[in-house]
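# Report on the structure
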Amino acid sequence: MSGATRPLRVIFAGTPEFAKLALEHIVTAGHTLVLVLTQPDRPAGRGMQLQASAVKQCAQAYGIAVSQPQGLRLDGKYPDDAAQARAAILAAAADVMVVAAYGLILPQWVLDAPRFGCLNIHGSLLPRWRGAAPIHRAIEAGDAETGVTIMQMDAGLDTGAMVSRTALPIGVDETTGHLHDRVAALGAQQIVAALTALSELAAHSDGGLHAVPQPETGVTYAEKISRQEAQIDWCDSAVQIERRIRAFNPFPGAVAPAQGEPIKVWQARLVDAAQAPTGNPGEVVAIEPQGIIVATGDGALCLQTLQRAGGKRLAAADFLRGFALQVGSRLD
């Protein structure tokens, strides 16, 4: 870091891969990570063994102290956890806390603990897509762009004033998995830039970063993705279904039951309206080398990559060698 700045004492709160990249960038930038907060270990994998979060594994690799409270409210369900976390947070004497996909609501005492409060990395252009699943919902809605907002956190749900707001175009064929990685990389870059600016200010004053209140118009909420949403409704339009297939890749995967078996659809393309055979929603109206053409409530969709339960993802031609679908077959 330059002579005009000093390393900040940083607490980091995050859990999944999205947050891990930001943690790595903050460490590389030369700041002092005094504590990491992350979700408790969860059962995962076929054996359902307890598994540490991506952020915990990263923190341990760097030798950073880790706290994993089940809750942070001192009057909540886990008061002992909260009290232990409070002691660790106060002892850290941090300049700032960086929060990225942590998974716990921060009570006011946490927001007030660091000298310059808490900065959040949010994967959308706020105030659009506040909430848990902004990347999924942006693709599902057909947005042309998304981005990253660095926000000074307050007690609301992603309502804090904005320190920076950086746009990122969404590709026409982009899945949540691919866009997630690009948003995570942008978020890591933007939080380091914000911390650099904050470290320059901290060397001269107790004032924090300049932040602009969010607009009151344009607010939307990105509800958490549920498995129940995975079921394809063929009465919807081909455009809507294609977006959801991309939005739900890799989780939870769009499902099209056929012959009593749940089939996941991982890739599909719109069929030109002038070339699309007609049929009832969910009916296989053509089978081509490129894929399986299915009628929808408006237009048709070519299913290109599919997967049976317990099987591999296969191109449509390979899938059909082991699963009998023909023109006139119905997808429920």
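Before going into details, it helps to say that this report is about the structure given with it. Everything numeric here is computed off the predicted structure, so don't read it as measured data.

Side chains of a nonpolar character, in soluble globular proteins, are inclined to be buried together. Ranked by size, the top nonpolar core spans 45 residues in total, and within it F12, L23, I26, V98, I121, I191 and L195 carry the most contacts. The dominant element in this core, judged by the number of residues it contributes, is helix α6 (residues 176-202), at eleven residues. The residues touching I191, leaving out its near neighbours within four places in the chain, are A22, I26, V98, L119, I121 and I150. Core analysis: the second largest hydrophobic core is formed by 22 residues, A238, A258, V265 and L306 among them.

This next bit is on the packing of helix α1 (residues 17-28) against α6. As a packed pair, α1 and α6 sit with axes 8 Å apart at the nearest point and diverge in direction by 35°. The element α1 and its partner α6 pack so that their crossing is right-handed. Here E17, F18, L21, A22, H25 and I26 of α1 lie close against α6, whose contacting residues are H180, V183, A184, A185, A188, Q189, I191, V192 and L195. When the residues that make up the contact of α1 with α6 are grouped by side-chain class, the tally is eleven nonpolar, three polar and one charged.

Looking now at the packing of aromatic side chains. Counting across every chain of the model gives one aromatic pair. The ring centre of W109 lies 5.8 Å from the NZ or CZ of R86, which sits over that ring. When the ring centre of W266 is taken as reference, the NZ or CZ atom of R313 above it lies at 3.5 Å.

A few words on the sheet that holds strand β6 (residues 96-100). The strand order across the open sheet built from seven strands is β5-β2-β1-β6-β7-β9-β10, with neighbouring strands paired in mixed fashion. Two strands bound the open sheet, and with one partner strand each, they are β5 (66-67) and β10 (161-169). In this sheet, strand β7 (residues 118-122) lies alongside β6 in parallel orientation, the contact comprising three bridges. Of the residues in β7, the one forming a bridge with V99 is N120. Contacts between helix α3 (residues 79-92) and the sheet are confined to β1 (9-14), β2 (32-37), β5 and β6, with β2 contributing the most and set at about 170° to the helix. Packing against the sheet, α6 makes contact with β6, β7, β9 (145-152) and β10, and its axis sits at approximately 35° to β9.

Tracing the chain through its elements places T15 in the loop between β1 and α1. Here the side chain of T15 touches Y102 through a polar contact of 2.8 Å, landing on its backbone oxygen. Not counting chain neighbours up to four residues away, the residues in contact with T15 comprise T38, Q39, S53, A54, V55, A100, A101 and Y102.

The next thing to look at is α1. For α1, built from twelve residues, the straight-helix expectation of 16 Å at 1.5 Å per residue is met to within 8% by its first-to-last C-alpha distance of 17 Å. Residues of α1 that are buried include every one of F18, A19, A22, L23 and I26, and no others. Considered in projection along α1, the buried side chains sweep an arc of 130° and stay on one side of the axis.

It is at 8 Å that the axes of α1 and helix α2 (residues 54-62) come closest, and there the two elements cross at 25°. One finds that α1 runs roughly parallel with respect to α2. Residues E17, A19, K20, L23, E24 and V27 of α1 form the contact with α2, whose participating residues are A54, V55, C58, A59 and Y62. In terms of residue class, the contact of α1 with α2 is made up of eight nonpolar, no polar and three charged.

Counted by the stated rule, this structure contains 13 salt bridges. A salt bridge links R73 to D75; the nearest nitrogen and oxygen atoms lie 3.2 Å apart. Look at D75 and you get exposed, because its relative accessible area is 61%. One salt bridge in this structure joins R244 and E140, with 3.2 Å as the shortest N-O distance. Highlighted residues: R244 in helix α7 (residues 238-247) and E140 in helix α5 (residues 134-140), separated in sequence by 104 residues. One network of salt bridges, with partners in common, ties together R137, E140, E229, D236 and R244.

Okay, the pairing of strand β14 (residues 284-288) next. Sheet analysis places β14 next to strand β15 (residues 291-295), joined by four bridges and oriented antiparallel. If you follow V284 over to β15, its bridge partner there is V294. In this antiparallel pair of consecutive strands, β14 and β15, the connection spans two residues.

This part covers unusual backbone geometry. Following N249, the chain continues into P250 via a peptide bond in cis, with omega recorded as 25°. Mapped onto the elements, P250 comes out in the loop between α7 and β12 (254-255). A cis geometry characterises the amide bond from F251 onward to P252, with omega recorded as 0°. Mapped onto the secondary structure, P252 falls in the loop between α7 and β12. Its identity is not glycine, yet D158 carries a phi of approximately 55°, on the positive side.

Cut-offs and rules
Residues numbered from 1 in each chain as written. Predicted model: local features only at pLDDT ≥ 70, side-chain atom pairs only at ≥ 80, totals over all residues. Heavy atoms only, no water. Core = buried A, V, L, I, M, F, W, Y, C linked by side-chain atoms within 4.5 Å. Buried < 20%, exposed > 50% of the residue type's maximum accessible area, 1.4 Å probe, protein only. Helix = DSSP H or I, 4+ residues; strand = E, 2+ residues; numbered from the N terminus. Contact = heavy atoms within 4.5 Å. Axes fitted to C-alpha atoms, helices over the stretch in contact; angles between N-to-C directions. Left-handed = near helix turned anticlockwise from the far one by under 90°. Nonpolar A, V, L, I, M, F, W, Y, C, P; charged D, E, K, R; others polar. Phe/Tyr/Trp six-rings, centres within 6.5 Å; stacked < 30°, edge-to-face > 60°. Lys NZ or Arg CZ within 6 Å of the ring centre and 35° of its normal. Pairing = 2+ DSSP bridges. Polar contact = N/O pair within 3.5 Å; in protein donor to acceptor, adjacent residues only side chain to side chain. Expected span 1.5 Å × (residues − 1). Arc of directions from axis to C-beta. Parallel < 35°, antiparallel > 145°, perpendicular 65-115°, else oblique. Salt bridge = Lys/Arg side-chain N within 4 Å of Asp/Glu carboxyl O.

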